[in-house]
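# Structural characterization, general
Take a look at the letters that make up each chain.
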Amino acid sequence: MIWLNQIINGVLLGGYYALIACGLSLMFGVMNIINLAHGDLAVLGAFLVWLICEHTGISPFIAFIAVLPTMAALGWVLQRAILDRSLRSGILVPILSTFGLAIVIENLLFSQFGADSRSLASVMGSLSYDSWALTSQIYIGKLAVLIFAVAVLLLLGLHVFLKRTALGRAIRATSEDPDTAELVGINARAVYATSAAIAVSTVAIAGLFLGMRASFAPYAGPAQLIFAFEAVVIGGSGSLWGTLVGGIVLGIAQNIGAQINPNWFLLAGHLTFLAVLIGRIFLRELLAHGMIPALLGQRS
Amino acid sequence: MTPKMPVSVQRWTPTSVAAIGVLIAIVVALAFAPFVLGANAIDKLITLYIYVIIAAMWNALAGYAGLVSVGQQAFFGLGAYAAIRLSNAGIEVYSALALGALAGGLISIPLSWFMLRLRDGEFAIGMWVVAVVAHLLVVQDKLINGETGTSLRALTAYAANDRRAYTYWMALGAMVLFLALIFVLLRSRLGASVQAIRDDEEAAAAVGVRVLRGKVIIFVLAATGAAAAGALWLATAISFQPATYFGVQWSAYMIFMALVGGLGTFEGPILGALLFFLVQDVFGEVGVWYLVGLGLVAIFFALFMPRGIWGTIEDRFGIRLMPVGYRLRLPDSVVLAAKTEEDAAAGS
């Protein structure tokens, strides 16, 4: 029963990972850029919400209404100032420039807020600890369910947006081939900037929940980036629903690892990621050399 | 039809012959430093040599093979950790440090098999995950005492001054060795092939370059260099706190030095390490605003000066100190003719 409890909570934790991963996945899908400052942007979002709550005492959900457009604007500026130039200069530059940005954000946060861990728990009432007891051994946190529901809704929303709206189609066209997209009247630069704004908005949502579900500190960004990246890769790069699956796999692995040994929470997640990676490469090599039919006893 | 011109390919230029001579003289002079300089100066020089090693190794990986890693601290930490383990097993401490560096490099061989099949950004963060995993695994070892860490106690058997001198010579030797290895490698067929891979992997494969083999050699060399730097850092610091050795700030330093000095040039990372060392000496140890500045400078160079300081100098003045590339020499008559034509065009 205790294992079932861990698995259920692992699935719900996967919702959070999908939430933080979908912005990364979107940027990678559209611009073919992995933004190394992604996790730090989420932490920045958490700090902005915290700052407003701390000064006004309002609910983090209300504070978020102000943070969301700020982060969207930041995404736009980020694209125009840094990513746009990086995109045109090969593969090294986006990695290097976003890594530089990550260092800048982390240390600016540190200079403003110091090393202390912060949390939104004090301004969110009983939501931080309320839970439903399904049986005597299975507890489900209300916040975890809320985060999971938001993640599913956000992925659904993004899915419909990309498939059904004109802007969504423009984004998909540009991600396929920016030059051809421009030929049919799409402004690729504007599309990139819009995508970056949307991606960073989803990061703001992830930041809100990062602050609500746990404590956070200025240097917490890299860990979030790695979780997001692992969810994207496990789920298969470029697929939004795959991101949810990847997040869930990661969440379950971490919770089961922690159940075996409290120190293995992170390690179990990372090792699962590496195992998936190795397994996938191994499978691809086997397929490339036509060895699967041989293994199955067929003639190739 | 163009007539066949007597074009020659030149590797050594008079400048580069002179530069190599000066370099050898400098290294010989530096070897005598422990007899002349004080303890503080020697400690600083050891730090500088370690910076040169990690910058040059990161540059070999990113600047020449096109593999941007933000996880080289994995090898930095593992080199130091392996040295502690070997020393604990009873091996003489300086041998343990050297073997630790080799062990850190050895681990990269099985890793290369799947890491090098990742592309660009995936490789970058994938290496980061490897570093995090290495950190988490090392902390599990009872000998290390978790994040509290331990120290290389066997070193304290040596008198402080002897220890400093031995570590200094080891660091100088390691720096010369790794720079020489890169130099030889870049002048070989492999150097040309990895650069071809960096510029266009498919095209390189199409003309018969063995893509994976070239990458594996550079990856293992870079890992061994980072592991050696970690072991040397342990030799000066003596204490081993996992978070310090496996911290991502090492990647930030490597990127900064290689990028500012000149990515994809031999001399660039040496210049970058020297600049980084001087900046750190002036601004003192790692303040927050200092790191913000580091990040901003890295963004600036990535966007506006991707060839770095040395690359820009090379491009503008055509200087090559180290003969790692090829240059085409046209006969003087052709150069003259082209110049007259140019002048005529400008005049009309």
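Residues numbered from 1 in each chain as written. Chains lettered and ligands numbered in written order. Predicted model: local features only at pLDDT ≥ 70, side-chain atom pairs only at ≥ 80, totals over all residues. Heavy atoms only, no water.

Residues and elements named next belong to chain B. A complete count under the given rule lists 31 aromatic pairs over all chains for this structure. Centre to centre, the rings of Tyr51 and Phe276 are 5.1 Å apart; their planes meet at 65°, and the pair counts as edge-to-face. Of this pair, Tyr51 sits in helix α3 (residues 39-64) while Phe276 sits in helix α13 (residues 268-283), placing them 225 residues apart in sequence. In terms of burial, Tyr51 and Phe276 fall into one category: buried. Centroid distance Trp250 to Tyr253: 5.7 Å. Interplanar angle 80°. Geometry classified as edge-to-face. A residue pair is termed a helical-turn pair when its members lie 3 or 4 positions apart in one helix, as Trp250 and Tyr253 do in helix α12 (residues 249-261) at three residues. Among the residues examined, Trp250 registers a relative accessible area of 2% and is labelled buried. Linked through ring pairs, Tyr51, Phe76, Trp233, Phe240, Tyr245, Trp250, Tyr253, Phe256 and Phe276 together constitute an aromatic cluster. Cation over ring: Arg117 sits above Trp113, and NZ or CZ is 4.8 Å from the ring centre. (Phe/Tyr/Trp six-rings, centres within 6.5 Å; stacked < 30°, edge-to-face > 60°. Helix = DSSP H or I, 4+ residues; strand = E, 2+ residues; numbered from the N terminus. Buried < 20%, exposed > 50% of the residue type's maximum accessible area, 1.4 Å probe, protein only. Lys NZ or Arg CZ within 6 Å of the ring centre and 35° of its normal.)

Right, let's talk about the nonpolar core for a bit. The biggest cluster of nonpolar side chains holds 207 residues, and the ones touching the most others in it are Leu96 and Phe209 of chain A together with Tyr51, Trp58, Leu234 and Phe240 of chain B. It is α3 of chain B that provides the largest number of residues to this core, a total of 18 residues. Contacts of Phe209 of chain A, omitting those with residues within four sequence positions, involve Tyr16, Leu19, Phe61, Leu143, Leu146, Ile147 and Val150 of chain A. (Core = buried A, V, L, I, M, F, W, Y, C linked by side-chain atoms within 4.5 Å. Contact = heavy atoms within 4.5 Å.)

Right, let's talk about the packing of helix α3 (residues 60-87) of chain A against helix α8 (residues 188-213) of chain A for a bit. All names here are of chain A. For the pair α3 and α8, the least separation of the axes is 7 Å and the interaxial angle reads 140°. Compared by their axis directions, α3 and α8 come out oblique. In this structure, α3 crosses over α8, and the sense of that crossing is right-handed. Residues of the contact of α3 with α8, tallied by class, amount to 19 nonpolar, four polar and three charged. (Axes fitted to C-alpha atoms, helices over the stretch in contact; angles between N-to-C directions. Parallel < 35°, antiparallel > 145°, perpendicular 65-115°, else oblique. Left-handed = near helix turned anticlockwise from the far one by under 90°. Nonpolar A, V, L, I, M, F, W, Y, C, P; charged D, E, K, R; others polar.)

Before going further, it helps to examine the packing of α12 of chain B against α13 of chain B. All names here are of chain B. As a packed pair, α12 and α13 sit with axes 7 Å apart at the nearest point and diverge in direction by 120°. Taken together, the axis directions place α12 and α13 in an arrangement best described as oblique. For the crossing formed where α12 meets α13, the hand is right-handed. Of the residues in α13, those touching α12 at Tyr253, Phe256, Met257, Ala258, Val260 and Gly261 are Gly268, Pro269, Leu271, Gly272, Ala273, Leu275, Phe276 and Gln280. Along the lines of polarity and charge, the residues of the contact of α12 with α13 split into ten nonpolar, four polar and no charged.

An α-helix turns once every 3.6 residues. As a result, residues three or four positions apart point the same way. The terminal C-alpha atoms of α8 of chain A, which comprises 26 residues, lie 37 Å apart, in line with the 38 Å expected from a rise of 1.5 Å per residue. A large share of α8 of chain A lies buried, amounting to 22 of its 26 residues. (Expected span 1.5 Å × (residues − 1).)

Bringing the confidence of the model for chain A into the picture now. Chain-level statistics for chain A give a pLDDT mean of 89 and a share of 96% at 70 or above. Confidence, read as mean pLDDT per element, is least for helix α12 (residues 291-295) of chain A in chain A (64) and greatest for helix α2 (residues 38-56) of chain A (95). (pLDDT = per-residue confidence, 0-100.)

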